[in-house]
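Inside the fold
Residue strings, one per chain:
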Amino acid sequence: MILEDRELLAELARLNSDVAPFAMRIIDGTVTADEQREFADRLETLSRRFHARATGTTLVNEDDTTDSNRNGRMTYSPTQ
């Protein structure tokens, strides 16, 4: 297993361990909108990383581009 795969699985484990406490905070009504967006961003980022790994593509961080219409999203680029 390569380091990148280990890092991906470690992030999955961290996210997985955060789900139950986060869900309880949602039920209790103690989680803020910003915290919900941050958690959703973590889920989306991890999902995109798994998808890229499965499809043999790489992720391109669009924050690093000058195109203002992309809103800081990650997109897929075929692996060369």
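Look above for the structure.
The paragraphs below set out a description of the structure included in this document.

Rules used in this analysis
- Residues numbered from 1 in each chain as written.
- Predicted model: local features only at pLDDT ≥ 70, side-chain atom pairs only at ≥ 80, totals over all residues.
- Heavy atoms only, no water.
- Helix = DSSP H or I, 4+ residues; strand = E, 2+ residues; numbered from the N terminus.
- Buried < 20%, exposed > 50% of the residue type's maximum accessible area, 1.4 Å probe, protein only.
- Contact = heavy atoms within 4.5 Å.
- Areas by Shrake-Rupley, 256 points an atom, 1.4 Å probe, with all protein chains shown as cover.
- Phe/Tyr/Trp six-rings, centres within 6.5 Å; stacked < 30°, edge-to-face > 60°.

1. Quick word on the overall build of the protein
A count of helices and strands for the protein gives two helices and two strands. The order of α-helices and β-strands along the protein, N terminus first, is α-α-β-β. Per-residue burial over the protein gives 12% buried out of 80 residues. Across the protein, contacts joining residues at least 24 apart in sequence account for 41% of those joining residues at least 6 apart. A total of about 6100 Å² of accessible surface is found on the protein, and carbon and sulfur atoms cover 53% of it.

2. Thoughts on the packing of aromatic side chains
If you walk through the whole model with that rule in mind, you get one aromatic pair. Ring geometry for F22 and F39: centres 4.3 Å apart, planes at 10 degrees, overall stacked. Separated by 17 residues along the polypeptide, F22 in helix α1 (residues 3-28) and F39 in helix α2 (residues 33-55) bring together distant segments of the chain. Each member of the pair, F22 as well as F39, is classed as buried.

Purely geometric stuff here, so don't read any function into it on its own.
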